[in-house]
Amino acid sequence: MNIILRLLLNALAVFILANILSGVTVDGYVGAIIVAVVLAILNLLVKPILVILTIPVTIVTLGLFLLVINALIILLASNLIDGFSVSGFWTALLFSILLSILQSLLQSFLKEDKK
């Protein structure tokens, strides 16, 4: 049940950011849920491989290269999903950063409700 709630919160974050950022579009609530599921799968399967392959660059940049990996995951999701598009790398980078912040905020509200 916790996984479903986290996916719905991530979908809400994707939908909010798609309406705020001009270079990101998503087709409705169902499209945002699909984006959240695909991003979760990509973060589970593809991201660890990219992190391992880019350890030297990540160390040299003091971890900032992980932001680039997150942006690449967003661009990959944009290519895989028809109802989701990101206009370019910098938009994907900004979307990735804002998505992480918004997800943290939404999940912190969820943790406060359980107490």
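Use the structure listed above.
Residues numbered from 1 in each chain as written. Predicted model: local features only at pLDDT ≥ 70, side-chain atom pairs only at ≥ 80, totals over all residues. Heavy atoms only, no water.

Visitor: How do you make sense of the side chain of Ser-96 when you look at a structure like this?
Guide: Topologically, Ser-96 is positioned in helix α6 (residues 89–114). A relative accessible area of 4% places Ser-96 in the buried class. (Helix = DSSP H or I, 4+ residues; strand = E, 2+ residues; numbered from the N terminus. Buried < 20%, exposed > 50% of the residue type's maximum accessible area, 1.4 Å probe, protein only.)

Visitor: Help me understand the packing of aromatic side chains in this model?
Guide: Each aromatic ring pair is described using two quantities: the centre-to-centre distance and the angle formed by the ring planes. Taken as a whole and assessed by the stated rule, the structure comprises three aromatic pairs. Between Phe-89 and Trp-90 the ring centres are 5.2 Å apart and the planes differ by 75 degrees, which places this aromatic pair in the edge-to-face class. (Phe/Tyr/Trp six-rings, centres within 6.5 Å; stacked < 30°, edge-to-face > 60°.)

Visitor: What should I look at first to understand the layout of surface pockets in this one?
Guide: The probe, sized like a water molecule, is rolled over the atoms to show the empty space still left. There is about 380 Å³ of room inside the largest pocket. Together, 18 residues line the largest pocket, and Asn-10, Leu-39, Asn-43, Leu-99 and Gln-103 are the ones closest to its centre. Contributions of two or more residues to the lining of the largest pocket are made by α1 (2–20), α2 (28–45), α5 (65–80) and α6. The dominant element in the lining of the largest pocket, judged by the number of residues it contributes, is α6, at six residues. Taken together, the residues that form the lining of the largest pocket break down as eight nonpolar, eight polar and two charged. (1 Å grid on protein atoms, 1.4 Å probe; cavity = no way out; pocket = protein on both sides within 12 Å on 5 of 7 lines; lining within 4 Å. Points joined across faces, edges and corners; volume = space filled by probe spheres on them. Nonpolar A, V, L, I, M, F, W, Y, C, P; charged D, E, K, R; others polar.)

Visitor: Mind showing me how you'd approach the nonpolar core here?
Guide: Among soluble globular proteins, nonpolar side chains are generally buried collectively. Ranked by size, the top nonpolar core spans 31 residues in total, and within it Ile-74, Phe-84, Phe-95 and Leu-99 carry the most contacts. Only α1, β1 (24–26), α2, α5, β2 (84–86) and α6 provide two or more residues apiece to this core. Every residue in contact with Leu-99, bar those within four places of it in the chain, is listed here: Asn-10, Ala-13, Val-14, Leu-17, Leu-39 and Ile-74. (Core = buried A, V, L, I, M, F, W, Y, C linked by side-chain atoms within 4.5 Å. Contact = heavy atoms within 4.5 Å.)

Visitor: When you look at the side chain of Ser-78 in this model, what are you seeing that I'm missing?
Guide: In this fold, Ser-78 is placed in helix α5. Judged by relative accessible area, Ser-78 falls into the buried class, the value being 11%. There is a polar contact of 3.1 Å between the side chain of Ser-78 and the backbone nitrogen of Val-86. Leaving out residues up to four positions away in the same chain, Ser-78 has contacts with Phe-84, Ser-85 and Val-86. (Polar contact = N/O pair within 3.5 Å; in protein donor to acceptor, adjacent residues only side chain to side chain.)

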